[in-house]
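The chain contents come next:
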Amino acid sequence: KQEVTQIPAALSVPEGENLVLNCSFTDSAIYNLQWFRQDPGKGLTSLLLIQSSQREQTSGRLNASLDKSSGRSTLYIAASQPGDSATYLCANNAGNMLTFGGGTRLMVKP
Amino acid sequence: SAVISQKPSRDICQRGTSLTIQCQVDSQVTMMFWYRQQPGQSLTLIATANQGSEATYESGFVIDKFPISRPNLTFSTLTVSNMSPEDSSIYLCSVDPGGYNEQFFGPGTRLTVL
């Protein structure tokens, strides 16, 4: 059974820092990897999707990479802003079944 | 992408009652998914709902407790039956409109059971 781990569980940084969130999988059978953002008490916003044949995707200040051989994905956030404060979730999408990590709770302080 | 709405956005219910949550999508989709997010936890898939057939439930979830309807390609409902405080969670629906294995989520329904 696929298990997804995200570290750190929580992160607090000053505004302007570049930061990396990590996601690892127990099963190397990674299909499509999706990163989400969740604001407190809200639904999920899709940030980036890395298809199984791809290695990275970029959107604005966000860059996500996928290394299937090691079972790891990273989300890089450049020049962090207070508005980036949220919980970030990664999920392995295997045939439309998403397996989620526990999330990283990010706080960016002004 | 897809625009997804859920009703109600939140509710406070009494033990033993049932609540039906609605999910509406702005485009026709083959599959709709229902997830539960318990307090402080990540998301767990409850079931997959296809139009015209019975929903497929994940381990630990049963139809008697979480009956699902899928009357057409843009709408689904999830009922949480005979509720207990342990059912207090955020319930979310999602869809994959493009068939690219990228899912989009509704805003969620925050349920509190007293």
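No experiment lies behind these values; they were computed from the predicted model shown.

Focus on the overall build of chain B
Right, so step 1: Scanning chain B from N- to C-terminus turns up zero helices and eleven strands.
Right, so step 2: Ordered by position from the N terminus, the helices and strands of chain B form the series β-β-β-β-β-β-β-β-β-β-β.
Right, so step 3: The C-alpha radius of gyration computed for chain B amounts to 13 Å, which stays within 12% of the reference 13 Å derived for 114 residues, consistent with globular compactness.
Right, so step 4: Taking the principal axes of its C-alpha atoms as reference, chain B extends roughly 40 × 25 × 20 Å.
Right, so step 5: By the burial criterion, 49% of the 114 residues in chain B qualify as buried.
Right, so step 6: Long-range contacts, defined as pairs at least 24 residues apart, comprise 53% of the intrachain contacts of chain B with a sequence gap of at least 6.
Right, so step 7: Roughly 5400 Å² of accessible area belongs to chain B as shown, and the carbon and sulfur atoms make up 47% of that amount.

Brief notes about the sheet that holds strand β3 (residues 19-25) of chain B
Residue and element names in this part refer to chain B.
Right, so step 1: The strand order β1-β3-β8-β7 describes an open sheet built from four strands, whose pairing is antiparallel. Only two strands of the sheet have a single neighbouring strand rather than two, namely β1 (4-7) and β7 (68-72). Between one strand axis and the next, the sheet turns by 15° as a mean value, whatever way the strands run.
Right, so step 2: Relative to strand β8 (residues 75-80), β7 runs antiparallel, the two sharing three bridges. Within β8, the position partnered with Ser69 by the bridge is Thr77.

Observations regarding the interface of chain A and chain B
Right, so step 1: Contacts between the two partners involve 19 residues from chain A and, on the opposite side, 20 residues from chain B.
Right, so step 2: Interface area for chain A against chain B, summed over the two sides, is near 1500 Å², with a carbon-plus-sulfur share of 49%.
Right, so step 3: Taken as a group, Leu44, Asn96 and Phe100 of chain A account for 32% of the area that chain A buries against chain B, more than any other trio of residues on that side.
Right, so step 4: Taken together, the links from chain A to chain B amount to zero salt bridges.
Right, so step 5: Where chain A touches chain B, the interface holds five residue pairs in polar contact (both at pLDDT 80 or more).
Right, so step 6: Only β4 (32-38), β5 (44-50), β9 (86-94) and β10 (97-100) of chain A provide two or more residues apiece to the side of chain A that touches chain B.

A word on the pairing of strand β8 (residues 72-77) of chain A
Residue and element names in this part refer to chain A.
Right, so step 1: The alternating pattern of β8 places Ser73, Leu75 and Ile77 on a buried face and Arg72, Thr74 and Tyr76 on a face that is not buried.
Right, so step 2: Here strand β3 (residues 19-25) runs beside β8; their pairing, made up of six bridges, is antiparallel. Bridging from a neighbouring strand, Asn22 pairs with Thr74 of β8.
Right, so step 3: Where strand β7 (residues 62-67) folds back onto β8 in an antiparallel hairpin, the turn is made up of four residues, including Gly71, whose phi is positive at roughly 70°.

Examining the pattern of salt bridges
Right, so step 1: Scanning all chains against the criterion turns up three salt bridges over all chains.
Right, so step 2: Salt-bridge contacts for Asp84 of chain A lead to Arg61 of chain A; the nearest nitrogen and oxygen are separated by 2.9 Å. Taken together, the positions of Asp84 of chain A in the loop between β8 and β9 and Arg61 of chain A in the loop between β6 (56-59) and β7 put the pair 23 residues apart, joining distant regions of the chain.
Right, so step 3: A relative accessible area of 8% means that Asp84 of chain A is categorised as buried.
Right, so step 4: With relative accessibility at 29%, the residue Arg61 of chain A sits in the partly exposed group.
Right, so step 5: Asp87 of chain B is the salt-bridge partner of Lys65 of chain B, the closest N and O atoms lying 2.7 Å from each other. Of this pair, Lys65 of chain B sits in the loop between β6 (56-57) and β7 while Asp87 of chain B sits in the loop between β8 and β9 (89-95), and the two are 22 residues apart along the sequence.

Rules and cut-offs
- Residues numbered from 1 in each chain as written.
- Chains lettered and ligands numbered in written order.
- Predicted model: local features only at pLDDT ≥ 70, side-chain atom pairs only at ≥ 80, totals over all residues.
- Heavy atoms only, no water.
- Helix = DSSP H or I, 4+ residues; strand = E, 2+ residues; numbered from the N terminus.
- Rg over C-alpha atoms; globule rule 2.2 N^0.38 Å.
- Buried < 20%, exposed > 50% of the residue type's maximum accessible area, 1.4 Å probe, protein only.
- Contact = heavy atoms within 4.5 Å.
- Areas by Shrake-Rupley, 256 points an atom, 1.4 Å probe, with all protein chains shown as cover.
- Pairing = 2+ DSSP bridges.
- Axes fitted to C-alpha atoms, helices over the stretch in contact; angles between N-to-C directions.
- Buried area = accessible area lost by both parts, 1.4 Å probe.
- Salt bridge = Lys/Arg side-chain N within 4 Å of Asp/Glu carboxyl O.
- Polar contact = N/O pair within 3.5 Å; in protein donor to acceptor, adjacent residues only side chain to side chain.

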